[in-house]
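What the coordinates show
Each chain, written out:
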Amino acid sequence: MIRTVYKWMIRIVEALSIAGITLITFFTAYEICMRELFREPTIWTNEITSYLLVWVGLLGVVYAYDKETHVRVDIVYRRLSTRVQEFCDLITTILMLLFALCICIYGYTYWWLGYSKGWRHFGMLDVPMSYTRIALPIIGILLVFQLLITLYERIAFLKSIWGRDERTGEN
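Here's what I pulled together on the structure shown here. Counting restarts for each chain: residues are numbered from 1 in the order of the written sequence. For a predicted model such as this one, the threshold for reporting local features is a pLDDT of at least 70, and the threshold for listing and counting side-chain atom pairs is 80 or more; totals across whole chains, interfaces and linings nevertheless cover every residue. Based on all heavy atoms of the structure, the side-chain values leave hydrogens and waters out of the count.

Quick notes on the overall build of the protein
Strands here mean DSSP runs of E at least two residues long; helices mean DSSP runs of H or I at least four residues long; both are numbered from the N terminus. A count of helical and extended segments in the protein gives 5 helices and 0 strands. For 171 residues, the compact-globule estimate of 2.2 N^0.38 gives 16 Å, and the C-alpha radius of gyration of the protein, at 22 Å, exceeds that figure by more than 25%. Its C-alpha atoms give the protein principal-axis dimensions of roughly 80 × 40 × 35 Å. Two residues qualify as a contact provided that any one of their heavy atoms is within 4.5 Å of a heavy atom in the partner residue. The contacts in the protein between residues at least 6 apart in sequence include a share of 73% that link residues at least 24 apart. A total accessible area of about 11800 Å² is found for the protein, and carbon and sulfur atoms account for 68% of it. Here the globule rule is a power law, 2.2 Å times the number of residues to the power 0.38, and the radius of gyration is based on C-alpha atoms. The accessible surface values rely on the Shrake-Rupley method and a 1.4 Å probe; as for residues, cover is taken only from the protein chains in view.

Given below as structure tokens:
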């Protein structure tokens, strides 16, 4: 059940990211055409593409984690035994979970501050800051969900390795 929800979550993140990148491309091309061909630049396209870029960038973090395409420095990691690698992966997952929880907590505080005070972005569109700030707690929640699943799987895998070692008498 949780895996099904997770797969749908990633599909939605992927679709939103594709839509966001498509809109960014469309608005940028529209601005270039208006400015270069008609000598009538628009002001609103830059603002909208900036807001979309915030959302697409943060959604990309969730998507990259799912596809395991995030940046990884593994010069030393590759030389470790499988057991030590799994233990390092467990520690890394725990640290990432703590970071994602901080994103949730502080992202919510950051959003609530802008929302409760009615803060707005300076610009042509006069967009409430809460529209962009809400991205942080939402992405934080998605990351926590991902990392909890990963943590569960890593612990289960380590238990299976340790259980197998105890049965065979290996250290």
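From this point, the discussion proceeds with the structure in view.
Overview of the layout of surface pockets
The rule is simple: put a 1 Å grid over the protein atoms alone, call a set of points where a 1.4 Å probe fits but cannot get out a cavity, call an open set with protein on both sides within 12 Å along at least five of seven lines a pocket, and count a residue as lining if it has an atom within 4 Å of a point. Grid points are joined across faces, edges and corners, and a volume is the space filled by probe spheres set on the points. What the largest pocket holds in volume is close to 770 Å³. Broken down by secondary-structure element, the contributors of at least two residues to the lining of the largest pocket are α1 (2-36), α2 (44-67), α3 (82-117) and α5 (135-168). Ranked by residues supplied to the lining of the largest pocket, first place goes to α3 with 8 residues. Any residue that is not Ala, Val, Leu, Ile, Met, Phe, Trp, Tyr, Cys, Pro, Asp, Glu, Lys or Arg is counted as polar, Gly included; the first ten are nonpolar and the last four charged. In the lining of the largest pocket, the residues fall into 16 nonpolar, 5 polar and 8 charged.

Structural notes on the environment of Ala64
Tracing the sequence through the fold places Ala64 in helix α2. On a C-alpha basis, the gap between Ala64 and Leu125 in space is 31 Å, while along the polypeptide they are 61 residues apart. What Ala64 contacts, discounting residues up to four positions off in sequence, is Thr69 and His70.

Focus: the nonpolar core
One finds Met9, Val62, Ile139, Leu142 and Leu143 to be the most contacted residues of the largest nonpolar core, which totals 20 residues. Contributing elements (two or more residues each) for this core: α1, α2, α3 and α5. At 8 residues, the largest contribution of residues to this core is made by α5. Here, the term nonpolar core denotes a set of buried Ala, Val, Leu, Ile, Met, Phe, Trp, Tyr and Cys residues that are joined through side-chain atoms within 4.5 Å. Each residue's exposure class comes from its accessible area (1.4 Å probe, protein chains only) as a fraction of the maximum for that residue type: buried when under 20%, exposed when over 50%, partly exposed otherwise.

A short note on the packing of aromatic side chains
Each aromatic ring pair is specified by the distance between its two centres and by the angle formed by the two planes. Centre distance within 6.5 Å is the pairing criterion for rings of Phe, Tyr and Trp, where only the six-membered ring of Trp is used; planes under 30 degrees apart are then read as stacked, over 60 as edge-to-face, and the remainder as tilted. In this structure the tally under the stated criterion is 9 aromatic pairs. Considering the side-chain rings of Tyr30 and Trp44, the 5.8 Å spacing of their centres and the 40° angle between planes classify their relative orientation as tilted. Taken together, the residues Tyr30 in helix α1 and Trp44 in helix α2 connect sequence positions 14 residues apart. Owing to a relative accessible area of 28%, Trp44 belongs among the partly exposed residues under this scheme. Taking 5.1 Å as the distance between ring centres and 15° as the angle between the ring planes, the aromatic pair formed by Trp111 and Tyr115 counts as stacked. One end of the pair is Trp111 and the other is Tyr115, both in helix α3 and 4 residues apart, which spans about a single turn. Given a relative accessible area of 15%, Trp111 falls into the buried group. An aromatic cluster is present here, built from Phe26, Phe27, Tyr30 and Trp44 joined pairwise through their rings.

A short note on the packing of α1 against α2
The geometry of a pair of packed helices is captured by two quantities: the angle between their axes and the separation between those axes. Note on geometry: axes are C-alpha line fits, over the in-contact stretch for helices, and angles between N-to-C directions span 0 to 180 degrees. The geometry of α1 relative to α2 is characterised by a closest axis approach of 8 Å and an angle of 150° between their N-to-C directions. On the basis of the axis angle, α1 is roughly antiparallel to α2. For the pair α1 and α2, the sense of crossing is left-handed. Class assignment for the residues of the contact of α1 with α2 results in 18 nonpolar, 6 polar and 4 charged. Throughout, the term roughly parallel applies to angles under 35 degrees, roughly antiparallel to angles over 145, roughly perpendicular to angles from 65 to 115, and oblique to all others. Two helices cross in a left-handed way if the nearer one is turned anticlockwise from the farther one by less than a right angle. They cross in a right-handed way if the turn is clockwise.

Keep in mind these values describe shape, not function.
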